[in-house]
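Here is what each chain is made of, one letter per residue.
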Amino acid sequence: MTAIEIPAPAPVVTPQERAHKVFAFTSRWRWEEIAFWVVAALSILIFPTHLVLIAQVLITGLFALSFDLLVGYAGIPSLGHAAFFGIGAYTAGLLARAGWTEPISGLLIAALVAGIAGFALSVVVSRLTGIGLIMITLGVGLLLYEAAHSARGITGGDDGLSGINIAPIFGHFQFDFYGKTAVVYTYVVVFLLYLLARRIVNSPFGLEMKGIRENVRRVPAIGIPLRKRYMVVFTVSAAFAGVAGALLGQITQTVALSALSFDRSAAALIMVMIGGMGTLIGALVGAAAYMVAQDRLSDLNPVYWNFWVGLLLVLFVLFARGGLIGGVDRLIVWIRSKRKKS
Amino acid sequence: MILGNLLYIIFSGVAYGVLLFLMSAGLAVTQGLMRFANLAHAAFAMLGGYLAVTLMNSYGWPFLLTLPIAALGTALFAGTLERLLFRRFYNVSQLYQIMLTVGIVSMSVASVTFIWGSVNQPVRMPSYLSGSIQVGNFDIDVYRLFLIVAGGLVVWALIWGIDSTSFGAKVRAAVDNRRVTSSCGINVDRLFMTAFFIGSALAGLGGALSVNLVGLSPTFALDFLAYVLIVVTLGGHGSMKGALVAALLLGVVDVAGKYYVPQTGPFIIYALTVVVLFWRPHGLFAKA
Amino acid sequence: MKRSRLAIAVAVAILLLGSGAVQGQQTPIKIGIVYSFSGAGGTAGKEFNDIVALFQKQHGDTIAGRKVQIIERDDGGIAPDNAKRLAQELIVEQHVDLLAGLIFTPNAMAVGTVSTQAKMPTFIVNATTSGIMAKNPYMSRYSMTATQVTIPLAKYAYKSGMRNMYVIFMDYGPGIDSGTTFENTFKGEGGTIAGEIRVPVTAEDFSAYLQRVKDAKPDGVYIFLNASGSGTTFLKQAKTAGLDKAGIKIFCSGDLLTEQVLPAIGDAAIGVISTMNYSGTHNSKMNRDFVKAFEAQSGGMPPTFGGVGVYDAFQAMYKVIAAQNGQVDPDKTMALVKQLKFESPRGPIAIDPDTRDIVQNVYIRRTELKNGQLVNTEIDTYPMFKDPTEHP
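Residues numbered from 1 in each chain as written. Chains lettered and ligands numbered in written order. Predicted model: local features only at pLDDT ≥ 70, side-chain atom pairs only at ≥ 80, totals over all residues. Heavy atoms only, no water.

**Q** Tell me what's going on with unusual backbone geometry, and back it up with residues and numbers.
**A** All names here are of chain C. Although it is not a glycine, A64 adopts a positive phi angle of roughly 50 degrees. Position of A64 among the secondary structure elements: in the loop between β2 (62-63) and β3 (66-74). On the basis of relative accessible area, A64 is assigned to the partly exposed category, the value being 44%. Its identity is not glycine, yet M384 carries a phi of approximately 40 degrees, on the positive side. Its location among the elements puts M384 in strand β15 (residues 373-385). Residue classification places M384 among the partly exposed positions, given a relative accessible area of 36%. (Helix = DSSP H or I, 4+ residues; strand = E, 2+ residues; numbered from the N terminus. Buried < 20%, exposed > 50% of the residue type's maximum accessible area, 1.4 Å probe, protein only.)

Set out below in structure tokens:
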């Protein structure tokens, strides 16, 4: 008589363990992410005359990332996000001018101030949806711009803030003309914040945000306090944007009204769309693509540039809603399926 | 003296308000009908302006004749855009609608700069619409008077159309409840197309009329986007009368602001908008 | 056979070496340009390129045997972070010998820090803020400052009988500079200011402001607006509002009435008194030739004060390069710059050795119709005027 093999009982998986597995899966480092950070580091080595550009690309990427948290993860459309970038920039600039030249604490204070502003706005914004929401974010952005323009005594108005001196980092690394210190400083800060952002989106809170994006009406029905979540996401996103603005102010040693402009808010939208909404790395990739293209094509008549960017946006919205990252993902899936077949 | 100033402000403000209404009415209706976030609406108005200016400056057309052509041309352009592109996005997240229309605005501004350059377009009104006439102690600007009268006629026609025609009734029904309306056998899709067409024609007309008052350059599409959105949001979606009141209010507040506190600029308008939205998130006359 | 092959090889080698040696001598002199080719509104970019093309046609593109290479970068408008980065890249990557350009103050300030840090002589063709020279020892300017051209107009206004004036200016750097300078100077002469309006930069419709002016009933009104934006419609609106009928004389800064925009403004400009460092009808042979040559180059557009600023900056750069025989040294360059005195299409100009800023004639003009064309006719001159507020 053959022994009947009784299969071992299936291991009991607790919900916590299952959640862990899911998060472990979704938070694994993707190919595109590793590639981006490696390429960024390599460019610093390969292009020693373009360090300032690389630093500015990373900063814009951080700003786009903060916008992705808002629009790509929580689904909150905002046309005034540059307000937080500007608040961070002016905070860092004014601190330095007042004598507080230590850079890292400057960043933290700027993040705090921008975060508070984000919180304040979220109190209002969380009541609205759709066009009303877009309108109020646009209105606040424009309002802040006008206020900054008028407050010449504080912000320098359209002349901007200059004469911002930043002390060496850790008392040792001086900001040099080539931008070596600046670019490494920026790389480290943006990378750390990137890790933080990943942690946030690959957590239960991140899942709640996705829920809000997918079906905002259903979310309160499953017991998630919508308003509170809005407020948290807005605050975090604003703080990130504030750090980006502060970084720009510190490494360029100037702050101008362009930090708060509608163009900057619109550019974030474009970058996130091109890169891929809701992927985090898409924001960075989109920012890099946009800024590098703009720099290389700066000889081109800017009229043409605006036209092609607009067209690109329309085409992406029509055919490539996942942006570049979405396209790469599909390519990877396609390659893998081919491999499986063979 | 003070009465004179007040009258001036109201007169000038109403003229500006009428202009804003013409430019916004279309958006108010299409917003209410299809919840479509069309940020390119101000670009349509800009197109109307450029059509009128080109006809006048390059082909010598008399001003009044350019108005219907500006309206029609804009409507045709916008209508084509609607059929080919916008239709696909009615049931899509508003985010994508914003991106789409922002892309269109970017392309329009670039095209306009390419064709006409970035300077303010020179425009010369016929003599019977220029200058001012003396009425007692007051100098009444003829062009503004024309705006109020002509614009007023259009407004009256629109209100009549919305209130008293069957088309208007269908539009109002569809704004209230699209599903029920379409289940009554009304072709909502065609309704929308017609409403979009008319709305864009109005925008084009508004744009053409505004050139003499506020100038025309490629930045028009973005400068006036803010004002148009404010009118629509304050007025409440789908409400044409709401848009009218909001536009007039905005016009008067704008002129009053310029007169009494000129250095604040558009700050007052934006502050007002934020405050009103905070208090009444769905607009002053929302069909909530 | 072997010999002929050898001969050919030697000949080729000599040619290569020879051309290499010649190449070595011919590294170009690089001038980096950071300018707002876009985003400045109007035709600043085109005028710049036309001026440079004209200048090189007249003065050639080689100095002391080396070719002059002009590398242009567009900062896109008011964008100090862009301007700064572009200047840095021009120095670090392109190894330029000189920098030039700059329209907007924030951009000029940002590039100033680069210029000072890198000891790069920088020739400002437009930016008009007074404060920038003192902080940046390697910068020199070839346009004007708002103060420099406004003070003479305020004095002239008083001289011509104005006693009570209203002042309107746009709420941005140059506007505030100019407006407050006018008020202070006019009051210093003994006049009174009837009122002041700071117009927002985005303003298109000035009728409310004009109404206020009419209500105040001044003798005249002084205006400073952004000429490349809506400022050009102001004069037309003033006419519609009946300012002239009310007997209010209009004084303005000359950039509202440049030769390029006068045709669009039309009759509304007639009788307006303005101040500028340059007028298209300036009566000198150099200017007449300059205007004719420029119009041929640009396809009919007349030159403006902006273009003249570029032209003179290039005159300056060529002079200092030639004086150093093509070997540009920053400190020697600045020493030469401080001694500059030459003839410009606008009249005689010089660089102040203490402030490195421009010293020039300031002209008061009246706009009139001459031979069916609108021109700015010079009616008074304040010779070799310095900006008194600047200190080294």
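What follows continues from the structure just given.
**Q** Tell me about the pairing of β15(C), residues and numbers included.
**A** Two faces belong to every sheet, and in a regular strand the side chains alternate between them. All names here are of chain C. Where strand β14 (residues 358-370) lies against β15, 10 bridges are found, and the strand directions are antiparallel. Bridging from a neighbouring strand, Y363 pairs with T381 of β15. In this antiparallel pair of consecutive strands, β14 and β15, the connection spans 2 residues, and N371 shows a positive phi of 50 degrees. (Pairing = 2+ DSSP bridges.)

**Q** So what's going on with the interface of chain A and chain C? Which residues, and what values?
**A** Taken together, the contact between chain A and chain C spans 24 residues of the former and 26 residues of the latter. Both sides together, the interface formed by chain A and chain C hides about 2,300 Å², and carbon and sulfur atoms give 54% of it. Viewed at the interface, chain C and chain A are joined by 2 salt bridges. We note a salt bridge from C:D81 to A:R264, for which the minimum N-O separation is 3.9 Å. On inspection of chain A and its partner chain C, the count reaches 8 residue pairs in polar contact (both at pLDDT 80 or more). For the side of chain A that touches chain C, the secondary-structure elements that each account for two or more residues are α3 (51-73) and α10 (226-252) of chain A. Class assignment of the residues belonging to the side of chain A that touches chain C gives a composition of 8 nonpolar, 10 polar and 6 charged. (Contact = heavy atoms within 4.5 Å. Buried area = accessible area lost by both parts, 1.4 Å probe. Salt bridge = Lys/Arg side-chain N within 4 Å of Asp/Glu carboxyl O. Polar contact = N/O pair within 3.5 Å; in protein donor to acceptor, adjacent residues only side chain to side chain. Nonpolar A, V, L, I, M, F, W, Y, C, P; charged D, E, K, R; others polar.)

**Q** Describe the environment of B:A70, naming the residues involved and giving the relevant values.
**A** Residues and elements named next belong to chain B. With respect to the helices and strands, the residue A70 is situated in helix α3 (residues 63-84). On the accessibility criterion, A70 (0% relative accessible area) is buried. Once the C-alpha coordinates of A70 and H282 are considered, the two residues, 212 residues apart in sequence, prove to be 32 Å apart. Once residues within four sequence positions are removed from consideration, A70 is found in contact with G48, L51, A52, G204 and A208.

**Q** Residues and numbers for the side chain of C:S274, please.
**A** All names here are of chain C. Relative to the helices and strands, S274 is located in strand β11 (residues 273-276). Its relative accessible area of 0% is what places S274 among the buried residues. Excluding residues that lie within four positions of it along the chain, S274 makes contacts with L153, C252, S253, G254, L257, Y363, I364 and R365.

**Q** Break down the interface of chain B and chain A for me, citing the residues and quoting the values.
**A** Taken residue by residue, the interface counts 36 residues in chain B and 34 residues in chain A. Summing the contributions of chain B and of chain A, the shared interface buries around 3,400 Å²; its carbon and sulfur component is 84%. Between chain B and chain A we count 0 salt bridges in total. In this assembly, chain B and chain A are joined by 1 residue pair in polar contact (both at pLDDT 80 or more). When grouped by side-chain class, the residues that make up the side of chain B that touches chain A number 27 nonpolar, 8 polar and 1 charged.

**Q** Account for the packing of aromatic side chains, with residues named and values stated.
**A** In total, this model carries 40 aromatic pairs over all chains according to the counting rule given. Pairing C:F55 with C:Y311 gives two aromatic rings, centres 5.3 Å apart and planes at 80 degrees, and the pair type is edge-to-face. With a gap of 256 residues between them, C:F55 in helix α2 (residues 44-59) and C:Y311 in helix α12 (residues 305-323) connect regions that are remote in the sequence. Comparing C:F55 with C:Y311 shows no difference in burial state: the two are buried. An aromatic cluster of three or more residues is present, and its members are C:Y35, C:F37, C:F48, C:F55, C:F290, C:F294, C:Y311, C:F314 and C:Y318. Taking the ring centre of B:Y16 as reference, the NZ or CZ of B:K258 above it sits at 5.7 Å. Above the ring of B:Y259, the side-chain terminus of C:R212 is found at 5.8 Å from the ring centroid. (Phe/Tyr/Trp six-rings, centres within 6.5 Å; stacked < 30°, edge-to-face > 60°. Lys NZ or Arg CZ within 6 Å of the ring centre and 35° of its normal.)

**Q** Lay out the pairing of strand β13 (residues 347-351) of chain C in plain terms, naming residues and giving numbers.
**A** Residue and element names in this part refer to chain C. Counting buried residues along β13, 4 of its 5 residues qualify, which places the element largely inside the surrounding structure. As judged from the 4 bridges shared by strand β12 (residues 341-344) and β13, these two strands associate in the antiparallel manner. When the sheet's bridge partners are listed, E343 is paired in β13 with P348. Between β12 and β13, which follow one another and run antiparallel, lie 2 residues. Two elements, β13 and β14, share 3 bridges in a ladder whose sense is antiparallel. Among the inter-strand pairings, A350 is bridged to a residue of β14, identified as V359. Counting the residues between successive antiparallel strands, the hairpin from β13 to β14 contains 6 residues, one of them, R356, with a positive phi of roughly 60 degrees.

**Q** For the pattern of salt bridges, give the residues involved together with the corresponding values.
**A** All names here are of chain A. The tally for this structure, following the rule as stated, stands at 25 salt bridges over all chains. Note that E208 and R229 form a salt bridge whose closest N and O atoms lie 2.3 Å from each other. Of this pair, E208 sits in helix α9 (residues 204-214) while R229 sits in helix α10, and the two are 21 residues apart along the sequence. Accessibility assignment for this pair places E208 and R229 in one class, buried.

**Q** Account for the environment of A:L69, with residues named and values stated.
**A** All names here are of chain A. Mapped onto the elements of the fold, L69 is located in helix α3. Once the C-alpha coordinates of L69 and L195 are considered, the two residues, 126 residues apart in sequence, prove to be 13 Å apart. Once residues lying within four places of it in the same chain are set aside, the contact partners of L69 are A74, V201, M209, V233, V236, S237 and L280.

**Q** For the environment of B:F11, give the residues involved together with the corresponding values.
**A** Residue and element names in this part refer to chain B. Structurally, the position occupied by F11 is in helix α1 (residues 2-34). In sequence terms F11 and R144 are 133 residues apart; their C-alpha atoms lie 8.0 Å from each other. Setting aside residues up to four positions removed in sequence, F11 forms contacts with I140, D141, R144, L145 and I148.

**Q** Give me the lowdown on the nonpolar core, citing residues and values where you can.
**A** In summary, soluble globular proteins display a tendency toward joint burial of nonpolar side chains. One finds B:F86 and B:L209 to be the most contacted residues of the largest nonpolar core, which totals 212 residues. It is α3(A) that contributes the most residues to this core, 16 residues altogether. In this structure, B:F86 is in contact with B:F36, B:N38, B:F44, B:L81, B:L100, B:T101, B:I104 and B:F196, ignoring residues within four places of it in sequence. By size, the runner-up hydrophobic cluster in this structure holds 98 residues, among which are C:I31, C:F305, C:M317 and C:V320. (Core = buried A, V, L, I, M, F, W, Y, C linked by side-chain atoms within 4.5 Å.)

**Q** Quick rundown of a positive patch on the surface? Include the residues and the values.
**A** Residues A:R28, A:R336, A:R339 and A:K340 make up a contiguous surface patch of positive charge. Assignment of secondary structure puts A:K340 in helix α14 (residues 323-341). (Patch = residues over 30% accessible without salt bridge, like charges linked within 9 Å, V, L, I, M, F, W, Y side chains within 5 Å. Areas by Shrake-Rupley, 256 points an atom, 1.4 Å probe, with all protein chains shown as cover. Lys, Arg positive; Asp, Glu negative; His and termini not counted. Charge placed at Lys NZ, Arg CZ, Asp CG, Glu CD.)

**Q** Got a sec to walk through a nonpolar patch on the surface? Specific residues and values, please.
**A** Residues and elements named next belong to chain A. Together, W29, I34, V38, L42, L45, I46, F47, V184, V188, L192 and L195 line one region of the surface with nonpolar side chains, adding up to about 1,000 Å² of accessible area. Mapped onto the nonpolar patch, the elements with two or more residues apiece are α2 (31-46) and α8 (180-201). Ranked by residues supplied to the nonpolar patch, first place goes to α2 with 5 residues.

**Q** Any details on the side chain of B:D141? Residues and values, ideally.
**A** Along the chain, the position of B:D141 falls in strand β2 (residues 138-141). Residue class for B:D141 comes out buried when judged on its relative accessible area of 15%. Within polar-contact distance, the side chain of B:D141 engages the side chain of B:R144 at 2.8 Å. The contact partners of B:D141, leaving out residues within four places of it in the chain, are B:F11, B:G131, B:S132 and C:T240.

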